[in-house]
Amino acid sequence: MSKLILSVDQDEMSLFNKQYLSLPELCDEIEARLENKPDGRKRKDVAKWKEETNFLIDMYNAKAKFKTYNKVK
């Protein structure tokens, strides 16, 4: 099932527009996000964090041959 994005804020676009040129840079971004997980009081924040983190993980796993990350649940 695919989702249709109807509206996207400029803040949300900044993550998806950034071009990660190297795997270490992408790895650093993923590690930083995994260390700074939202506390869970606001479900909207947690859902956004999961979506963005999984997006980066998918990008990393597609390029990497030696180390992969599991998606966050």
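Whatever comes next refers back to the structure up there.
Residues numbered from 1 in each chain as written. Predicted model: local features only at pLDDT ≥ 70, side-chain atom pairs only at ≥ 80, totals over all residues. Heavy atoms only, no water.

Chemist: Whenever I open this one, the packing of helix H2 (residues 23-35) against helix H3 (residues 43-63) confuses me. Can you help?
Modeler: Relative placement of two packed helices is described by the angle separating their axes and the distance separating the axes. Two elements in contact, H2 and H3, have axes separated by 10 Å at closest approach and are oriented at 150 degrees. Relative to H3, the element H2 lies roughly antiparallel. Of the two elements, H2 crosses H3, and the hand of that crossing is left-handed. Each of Leu23, Leu26, Cys27, Glu29, Ile30, Arg33 and Leu34 in H2 lies in contact with H3, whose residues at this interface are Trp49, Glu52, Thr53, Leu56, Ile57, Met59, Tyr60 and Lys63. Classifying every residue of the contact of H2 with H3 gives 10 nonpolar, 1 polar and 4 charged. (Axes fitted to C-alpha atoms, helices over the stretch in contact; angles between N-to-C directions. Helix = DSSP H or I, 4+ residues; strand = E, 2+ residues; numbered from the N terminus. Parallel < 35°, antiparallel > 145°, perpendicular 65-115°, else oblique. Left-handed = near helix turned anticlockwise from the far one by under 90°. Contact = heavy atoms within 4.5 Å. Nonpolar A, V, L, I, M, F, W, Y, C, P; charged D, E, K, R; others polar.)

Chemist: How should the pattern of salt bridges be read in this particular structure?
Modeler: Opposite charge on two side chains lets them pair, provided their charged atoms get close. Per the counting criterion, the structure on display carries 4 salt bridges. With its nearest N and O atoms 3.3 Å apart, the salt bridge here joins Lys71 to Asp58. On the criterion of sequence distance, the pair formed by Lys71 in the segment after H3 and Asp58 in helix H3 is long-range, its members being 13 residues apart. You can call Lys71 partly exposed: its relative accessible area is 47%. Each of the salt bridges in this network shares a partner with another, and the network as a whole consists of Glu29, Arg33 and Glu52. (Salt bridge = Lys/Arg side-chain N within 4 Å of Asp/Glu carboxyl O. Buried < 20%, exposed > 50% of the residue type's maximum accessible area, 1.4 Å probe, protein only.)

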